[in-house]
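Each chain, letter by letter, is given below.
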Amino acid sequence: MTAVLGLDTSNYTTSAAWFDGERGRNAGRLLEVPAGRLGLRQSDALFQHIKRLPEMVRSLEQLDFRAVGASTRPRAVEGSYMPCFLAGASFGEAMAHVLGAPFYAFSHQEGHLAAAAWSAGRLDLLEGPFLAWHLSGGTTELLRVEPEGTFLRTEIVGGASDLSAGQLIDRAGVLLGLPFPAGKALDALAEKDSHSDCYAVKVNDLIFSLSGMENQIQNLTARKKSPAYVANFALNTVAQVVRRTTEEAQSRWPGLPVLCSGGVASNRRLRAALPQAIFAAPEYSTDNAMGIAILSHRAMKEEFK
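All values derive from a computational prediction rather than experimental measurement.

Rules and cut-offs
- Residues numbered from 1 in each chain as written.
- Predicted model: local features only at pLDDT ≥ 70, side-chain atom pairs only at ≥ 80, totals over all residues.
- Heavy atoms only, no water.
- Core = buried A, V, L, I, M, F, W, Y, C linked by side-chain atoms within 4.5 Å.
- Buried < 20%, exposed > 50% of the residue type's maximum accessible area, 1.4 Å probe, protein only.
- Helix = DSSP H or I, 4+ residues; strand = E, 2+ residues; numbered from the N terminus.
- Contact = heavy atoms within 4.5 Å.
- Salt bridge = Lys/Arg side-chain N within 4 Å of Asp/Glu carboxyl O.

Here the focus is the nonpolar core. Counting 45 residues, the largest nonpolar core has Trp 133, Leu 186, Leu 210, Val 242 and Leu 270 as the members making the most contacts within it. Secondary-structure elements contributing two or more residues to this core are strand E6 (130-135), helix H4 (165-175), helix H5 (183-190), helix H6 (211-222), helix H7 (227-252), strand E11 (258-261) and helix H8 (268-273). The element that contributes the greatest number of residues to this core is H7, accounting for 12 residues. Aside from chain neighbours lying at most four places away, what touches Leu 210 is Ala 160, Asp 162, Leu 163, Ser 164, Ala 165, Leu 168, Val 201 and Val 241.

Structure, rendered in structure tokens:
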């Protein structure tokens, strides 16, 4: 079987994936973050990626690669840069050279969108304009997406102006004694509480701030509210502000589908709040290399058609 190899070395996950035009498989592993810390220095993340990439590629059990692709930067805009992506980019270019195969570079964000569309059974979304949320530990952006050849041109039209939804969730989780990244654990904790309370975040021209919400969580914890209540309060707030912003965006661009990607998009509360949206399968909401493999396969087909 011939396939394309995709690599993604994001801030907290080392991933490799193959895609053959229809099917694919992703292998990923979270970076190790010491207990109680809210992240890693870029040099530490880069070191872990370099150590783990060979293991991830071997675990795919797929060696007949016709092309290699990698995420080389966070977003497809000038000046977008993060050292951790150097690991996948350099490893991928070296592999492509040895294989005598083409190498394709995409952004981490483009990979998220492609993986979300494919895992939802909607690769057709990549053929026309659509709205998309990229909800992760570093990004809470509402995008208007247009295909541009084999690339996805994105325009930020809304989202968080300061703290990302993922940062808020992680900080709430660590405050409650949960491991970092805290998304899955906070989701499970919130299911133990059934209240619908949330913080009324203001939305102005599709933009909102979550820094005030962090203060609310700290106050609730200081008032000895149960951990389950605090977790539920945090996730209810994120779900409701994303829902309201989505509805406003849909009124501006009627008819455009809405795709949700990024690790926060795997949250059950958010999925229930946006029945009109298209969500990535949970395993392809978090950081993965599948989208990079998909985009690289499309680029290869276009180059050699």
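This brings us to the environment of Thr 154. Structurally, Thr 154 is set in strand E8 (residues 151-160). Judged by relative accessible area, which is 16%, Thr 154 ranks as buried. For the pair Thr 154 and Ala 132, spaced 22 residues apart in the sequence, the C-alpha separation amounts to 9.1 Å. Not counting residues within four places of it along the chain, the set of residues in contact with Thr 154 comprises Gln 109, Leu 113, Leu 143, Arg 144 and Val 145.

The full count for this structure, using the stated rule, is 16 salt bridges. Between Glu 55 and Arg 29 there is a salt bridge whose closest N-O contact spans 3.2 Å. Taken together, the residues span a long stretch of sequence, with Glu 55 in helix H1 (residues 42-59) and Arg 29 in strand E3 (residues 24-30) at a distance of 26 residues. We classify Glu 55 as partly exposed; its relative accessible area is 33%. Note that Arg 122 is salt-bridged to Asp 124, the shortest N-O span being 2.9 Å. Residue class for Arg 122 comes out partly exposed when judged on its relative accessible area of 30%. Residues joined by salt bridges that share partners form a network here, namely Arg 29, Glu 32, Arg 52 and Glu 55.

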